[in-house]
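A look at the structure
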Amino acid sequence: MTSFARAIVSPVAVSPSLSVSASPDQLPVLRSLVRTVAAHYALSLDALSDLVLAADEAATILIGHALPSSTLTCTFGDDTAAAQVILSAATTGQITTSTSSFGWRVLETLADEVVLEELPPTAPEEKWAVTITLTKVLQADS
């Protein structure tokens, strides 16, 4: 006899991810994913909007430095106290100069924490691997 059970999926149990072409025309798809997944977290509407805008800005920064024909990957972290959006792409080089830009200041205002990780190539044919992690702390239960 076969038994069927419905799986309960929560943001903590599964880390959704999406890879799209690293181009500006994919930003609406990315925003939609972030809004849909982040809506399952304990965030106010303002915090949710801030996270979506921060993800859009981080993706725009990565797209501006991404290699032609590369992909942009968006993944959600498994932190139970915060919503984490992790964006990564292969870039032409370091983007640390962007951390003093207006766009970076916007990121720091919208997210509770912004972390930039840059891994240099280890071989001549490899490219920089850059990741921006956005964290928005969840609301405490009242």
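Residues numbered from 1 in each chain as written. Predicted model: local features only at pLDDT ≥ 70, side-chain atom pairs only at ≥ 80, totals over all residues. Heavy atoms only, no water.

The name an unreviewed UniProt entry assigns to the chain is ATP-binding protein, from the organism Rhodococcus baikonurensis.

**Things to note about helix α2 (residues 45–65)**
With 21 residues, α2 should cover 30 Å at 1.5 Å per step; its first-to-last C-alpha distance of 31 Å lies within 8% of that length. The inward-facing, buried residues of α2 abut α1 (27–38), β2 (71–76), β3 (82–91), α3 (102–110) and β5 (128–137). (Helix = DSSP H or I, 4+ residues; strand = E, 2+ residues; numbered from the N terminus. Expected span 1.5 Å × (residues − 1). Contact = heavy atoms within 4.5 Å.)

**Digging into the pattern of salt bridges**
Evaluation of the coordinates by the stated rule reveals 3 salt bridges. Ionic pairing is found between D56 and R31, a salt bridge with its closest N-O pair at 2.6 Å. Taken together, the residues span a long stretch of sequence, with D56 in helix α2 and R31 in helix α1 at a distance of 25 residues. Owing to a relative accessible area of 16%, D56 belongs among the buried residues under this scheme. With a shortest N-O distance of 3.1 Å, R105 and E108 are connected by a salt bridge. Taken together, the residues R105 and E108, both in helix α3 and 3 residues apart, mark about one turn of the helix. Exposure remark for R105: the relative accessible area of 44% places this residue in the partly exposed category. Under the relative-accessibility criterion, E108 is labelled partly exposed at 40%. (Salt bridge = Lys/Arg side-chain N within 4 Å of Asp/Glu carboxyl O. Buried < 20%, exposed > 50% of the residue type's maximum accessible area, 1.4 Å probe, protein only.)

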